[in-house]
Amino acid sequence: MTTNSRIAPNPGSLRRTQTALTPLTVLAALTGLLATAPALHAAIFYVGSEPECDTTTINGAVVGAAFTLNEDDEIRLTEDQTNVNRELRNFDPDTIGTITISGNWSSCVDRAARGLPPATRISGNGSDPVFEVVADGAESVVTFDQLEIIGSADGVGIASGRGVTIVGPAEVSFLASRILDFQGGLEIEGGAEVLLDGDTIIAGNVGLPGAGLLCHGSTVRSAANIADNATASSGGGVFLDSGCVFHLLSGAQVRYNQAGWGGGFAIGAGARLEPESSDPIFSAFVFGNVAQNEGGGLYVVNGGYAEIENTWVRDNSAGERGGGVFVDVDSTFFMSRNGPSCIRDQGCSRLSGNSITTAGGNREGTALYVGGGSTAGLFTTHVEGNDAIDDVGTVLVASGATTQLSLEGVALSGNRTESLFDARSGAEVLVAYTSAADNGFDTEGSAAAAGGRAWNGTLEIYSSALWGHGAFDATGGGTIYADCLVAQTTTGITTLDEHTVGIDPLFVDPGATNLRLAAHSVAVDYCDVANYVPLFRDLDDQPRGWDAPTVPDDLGDYDVGAYELFGLLFGDGFESGDPSAWSATTP
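Since the model is a prediction, treat every value here as computed from it, not as a measurement. (Residues numbered from 1 in each chain as written. Predicted model: local features only at pLDDT ≥ 70, side-chain atom pairs only at ≥ 80, totals over all residues. Heavy atoms only, no water.)

1. A few points about the confidence of the model for the protein
At step 1: Per-residue pLDDT for the protein averages 88, and the proportion of residues at 70 or more is 87%.
At step 2: Confidence over residues 569-578 falls short of pLDDT 50; this stretch has 22 contacts with residues more than four positions distant or in other chains.
At step 3: Overall, residues 580-587 carries pLDDT values under 50, and its contacts beyond four positions in sequence, including any with other chains, amount to 12 contacts. (pLDDT = per-residue confidence, 0-100. Contact = heavy atoms within 4.5 Å.)

As structure tokens, this is what we get:
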């Protein structure tokens, strides 16, 4: 299969190197700094122009820190620094010790006082990285704390190259820091482990692939705000290259970035975007990103892997395909809610408000496009308000032989789409425990979307409640199978088992995207698990198969659709919020 070359910049062309520190170069540097160098036994170095400061430059403090063996050294900056081009090599805790460079200290006189933001500004020389962290054969532990690393001292213009580079098995933390106004913000390679905390910002970097962050063969944990970066190539916000593992932490934001492919994220061969292995309370956000071609929010190709939990992929756009997410060439994408503690009232996992902006063509996958033998899954996720220019497009598309798209526990509403689900050219789409209402197309959304299309593909629908849709369409040898389906119409389905047609499933408030079931819905206690066993809890994170005590079972005690009607105390469904169900006599 042909590899998509757009995802692979030449890593060698993106690196900047400096002469390594040797004993002779260190000795020479020390000779020139004797007047300002601190005592070699000290672990805290104050940098500034006051007489009480230990040295006037970061360079002087770094050289001193290299000779405080086994110390956890800290360099405290009391004023901005300019024309910095500093290599931090092999700050191994077992030998010369770790190093922290921290900003926002008030003065060298009152050494306990720390100022308020903004952070201390450190500007480069216009061409080289401001900091290069290097670990060649040894561990290196470096922390940047409350620093604004910027391309130019006056904050005007874009500096060449990248602001910070990290090479080798270093452990680097960015705390309440910023990397601004370079061709590329941060590059990481060679087995590094990097933490970006929730107060860190990477923004305004323009030009190179992975304009905000470029990662090869390393691990990144990010709660940072990566915003307003741009490239004509891949990965406006983040580019994950071979061997990189990127953990998207709770509260992280990747927003308003631009690229040719992958406005927010570009994820290539051997790279992985993964959730943090915990139960986050707040969602992460991938929103407002733009791709001129494909993958407004995420672009996953050539064997890349992306799995996101409790994340909003919202208001992204692409010119051609995959307004929210584009997955192609043997790649993998999964999106879901995780755990009960997420407190977002509008849904913990959302694929919403994404669009395709170029007229003409098929406008495939305003929310999600999957092709080229890839695998994708949307689980316990809201898919809402996705559209295309002139309101003509298709919200969820799987295309190509061996391509697979699975949905479970999904609520689709308010999408301007020609069809709810599309399986094309040999692709397989499986839909289970899914609810859909208020989806349509044309400028007013008045024409009903097809229930589903299988154009020489396969569409299977289990235990789902669909309303306000048109006929199904199996064209060119396509097949559509349905079981335990409550639907507006079943016209066009090629094989149909248990079903109810033409009876409103009574969603609580579909116009307000609330697709929970009213207590007296026909979809309550409708089905069993003979043909499909649910893999997830429902969209409210409630267990499946709760048997409503006053509702006679049809085939079983499993409700169909995205929500289980769980734990009713009143037989008339008083707590459902649907007044039409209330009764003065039913207990």
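2. Notes on the pattern of salt bridges
At step 1: Applying the stated criterion across every chain yields a total of 19 salt bridges.
At step 2: For Glu74, the salt bridge goes to Arg76, with nearest N and O atoms at 3.3 Å.
At step 3: Here Arg76 falls in the buried class, since its relative accessible area comes to 14%.
At step 4: Measuring nitrogen to oxygen at the nearest pair gives 2.7 Å for the salt bridge that ties Glu148 to Arg121. A residue pair is termed long-range when its members are at least 10 positions apart, and Glu148 in strand S8 (residues 147-150) and Arg121 in strand S5 (residues 120-123) qualify at 27 residues.
At step 5: In this structure Arg121 comes out as partly exposed when scored by relative accessible area, which is 23%.
At step 6: The structure contains a network of salt bridges with shared partners spanning Glu364, Glu418, Asp422, Arg424 and Arg453. (Salt bridge = Lys/Arg side-chain N within 4 Å of Asp/Glu carboxyl O. Buried < 20%, exposed > 50% of the residue type's maximum accessible area, 1.4 Å probe, protein only. Helix = DSSP H or I, 4+ residues; strand = E, 2+ residues; numbered from the N terminus.)

3. Focus: the packing of aromatic side chains
At step 1: Across all of its chains, the model carries 15 aromatic pairs by this definition.
At step 2: A centroid spacing of 6.2 Å and a plane angle of 85° characterise the contact between Phe285 and Phe287, whose relative ring orientation is edge-to-face.
At step 3: With relative accessibility at 10%, the residue Phe287 sits in the buried group.
At step 4: Taken together, a centroid distance of 6.3 Å and an interplanar angle of 20° make the contact between Phe334 and Phe379 stacked. With Phe334 in strand S33 (residues 332-336) and Phe379 in strand S37 (residues 375-379), the pair connects residues that are 45 residues apart, well separated along the chain.
At step 5: Given the relative accessible area of 13%, Phe379 is considered buried.
At step 6: An aromatic cluster is built from Tyr256, Phe285, Phe287 and Trp312, whose rings are joined through pairwise contacts.
At step 7: In this arrangement the basic side chain of Arg272 is found over the ring face of Tyr305, its NZ or CZ atom lying 3.8 Å from the centre. (Phe/Tyr/Trp six-rings, centres within 6.5 Å; stacked < 30°, edge-to-face > 60°. Lys NZ or Arg CZ within 6 Å of the ring centre and 35° of its normal.)

4. Considerations on the nonpolar core
At step 1: Residues Phe131, Ile166, Phe333 and Leu368 are the most contacted members of the largest nonpolar core, which totals 96 residues.
At step 2: With near-sequence residues (within four places) excluded, Phe131 lies in contact with Ile58, Val84, Arg86, Leu88, Ile101, Ile122, Phe144, Ile149, Gly163, Val164 and Thr165.
At step 3: Core analysis: the next-biggest nonpolar cluster, separate from the first, contains 20 residues, Ala465, Val486, Ala548 and Val560 among them. (Core = buried A, V, L, I, M, F, W, Y, C linked by side-chain atoms within 4.5 Å.)

5. Let's talk about the pairing of strand S13 (residues 193-196)
At step 1: Alternating residues of S13 divide into Val194 and Leu196, all buried, and Glu193 and Leu195, none buried.
At step 2: Inspection of the sheet shows strand S10 (residues 170-175) paired to S13 by 4 bridges, in the parallel sense. Its bridge partner lying in S13, Phe174 is registered against Leu196.
At step 3: Alignment of S13 against strand S17 (residues 219-222), held across 4 bridges, turns out to be parallel. Within S17, the residue paired with Val194 across the bridge is Val220. (Pairing = 2+ DSSP bridges.)

6. Re the pairing of strand S7 (residues 140-145)
At step 1: Burial within S7 is extensive, with 6 of its 6 residues counted as buried.
At step 2: Burial along S7 is two-sided: Ser140, Val142 and Phe144 and Val141, Thr143 and Asp145, pointing in opposite directions, are all buried.
At step 3: Of the strand pairs in this sheet, S7 and S10 are connected by 6 bridges, and their pairing is parallel. Its bridge partner lying in S10, Phe144 is registered against Phe174.

7. A few points about the state of the cysteines
At step 1: For the structure shown, the criterion picks out 3 disulfides.
At step 2: Paired through a disulfide, Cys215 and Cys244 show a sulfur-sulfur distance of 2.1 Å. Between Cys215 and Cys244 the sulfur-sulfur dihedral comes to about 100°; the bridge is accordingly right-handed. Placement of the pair is Cys215 in strand S16 (residues 213-215) and Cys244 in the loop between strand S20 (238-240) and strand S21 (245-248), with a sequence separation of 29 residues.
At step 3: Using a relative accessible area of 0% as the deciding quantity, one classes Cys215 as buried. (Disulfide = S-S within 2.5 Å.)

8. Some remarks on the side chain of Ser352
At step 1: Its location among the elements puts Ser352 in strand S34 (residues 350-352).
At step 2: The exposure class assigned to Ser352 is buried, which follows from its relative accessible area of 5%.
At step 3: If we skip the residues at most four places from it in the chain, Ser352 touches Val313, Arg314, Asp315, Glu384 and Asn386.

9. Considering unusual backbone geometry
At step 1: A positive phi angle is found at Asn310, which is not glycine, with a value near 50°.
At step 2: In this structure Asn310 comes out as buried when scored by relative accessible area, which is 0%.
At step 3: With a phi close to 60°, Leu506 is a non-glycine residue in the positive phi region.
At step 4: On the secondary structure map, Leu506 appears in the loop between strand S53 (499-501) and strand S54 (507-509).

10. A word on the environment of Gln253
At step 1: Relative to the helices and strands, Gln253 is located in strand S22 (residues 253-255).
At step 2: Residues Gln253 and Phe287, spaced 34 residues apart in sequence, show a C-alpha to C-alpha distance of 7.8 Å.
At step 3: A distance of 3.3 Å separates a polar atom in the side chain of Gln253 from a polar atom in the side chain of Arg255. (Polar contact = N/O pair within 3.5 Å; in protein donor to acceptor, adjacent residues only side chain to side chain.)

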